[in-house]
Amino acid sequence: MNPITSEIWQKITRYCAYQERCHFEVKIKLRELGATAEVQDEILVKLIADNYLNEERFARTFARGKSRIKSWGKNKITAELKQRGISQTVINLALAEIEQEYRENFEKTATKIFEQTTEKNVLKKRKKCCDYLLRRGYESDLVYEFVTKLEKGN
């Protein structure tokens, strides 16, 4: 490796070691660092070989984090992963990993939002809660079913 490539390699390995990255993010960073197309390809191959980059590991980590910490639904997680160029097969693996805690997180989030909404009109309250949950990326049938259940409970 020439000195410039060596310097880029050091920066990009630090970048990848800090947190999980996908190929898309690394390509952007390499462009920012001024790497040519050939150097980008060479470095990407070496990063994959040295296990700095792994799309499946990234997708699983991303899905777990967004589900647990940000309370995102499957629709929003899927859209974000697709935007980063992750294949549908890998996305399905990542979503399968969060399946067990997914429903629990959804119910906790939905209940919290329903209780915090101070709207007196039942229809407006339902709309506000449903809209919020849909924006978070939860599936519409799941949202409407659970909000209806919450309404009957109150």
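In this report, we go over the structure that sits alongside the text.

Calculation criteria
Residues numbered from 1 in each chain as written. Predicted model: local features only at pLDDT ≥ 70, side-chain atom pairs only at ≥ 80, totals over all residues. Heavy atoms only, no water. Helix = DSSP H or I, 4+ residues; strand = E, 2+ residues; numbered from the N terminus. Rg over C-alpha atoms; globule rule 2.2 N^0.38 Å. Buried < 20%, exposed > 50% of the residue type's maximum accessible area, 1.4 Å probe, protein only. Contact = heavy atoms within 4.5 Å. Areas by Shrake-Rupley, 256 points an atom, 1.4 Å probe, with all protein chains shown as cover. Lys, Arg positive; Asp, Glu negative; His and termini not counted. Salt bridge = Lys/Arg side-chain N within 4 Å of Asp/Glu carboxyl O. Polar contact = N/O pair within 3.5 Å; in protein donor to acceptor, adjacent residues only side chain to side chain.

**Considering the overall build of the chain**
Part 1 of the reasoning: Assigned secondary structure in the chain consists of nine helices and zero strands.
Part 2 of the reasoning: Seen in sequence order, the chain has helices and strands lined up from the N terminus as α-α-α-α-α-α-α-α-α.
Part 3 of the reasoning: Computed over C-alpha atoms, the radius of gyration of the chain comes to 21 Å, more than 25% over the 15 Å expected from 2.2 N^0.38 for 154 residues, which places it beyond the range of a compact globule.
Part 4 of the reasoning: Relative to its 154 residues, the chain shows a buried fraction of 38%.
Part 5 of the reasoning: For the chain, long-range pairs separated by at least 24 residues make up 62% of all intrachain contacts whose partners lie at least 6 apart in sequence.
Part 6 of the reasoning: About 9,400 Å² of surface is accessible on the chain, with carbon and sulfur atoms providing 50% of the total.

**A look at the side chain of R21**
Part 1 of the reasoning: Among the structural elements, R21 can be located in the loop between α1 (3-18) and α2 (23-32).
Part 2 of the reasoning: One buried charged side chain, R21, makes no salt bridge at all; its nearest oppositely charged neighbour is E25, positioned 4.6 Å away.
Part 3 of the reasoning: Within polar-contact distance, the side chain of R21 engages the backbone oxygen of Y15 at 3.1 Å.
Part 4 of the reasoning: What R21 contacts, discounting residues up to four positions off in sequence, is Y15, C16, V26, L53 and F58.

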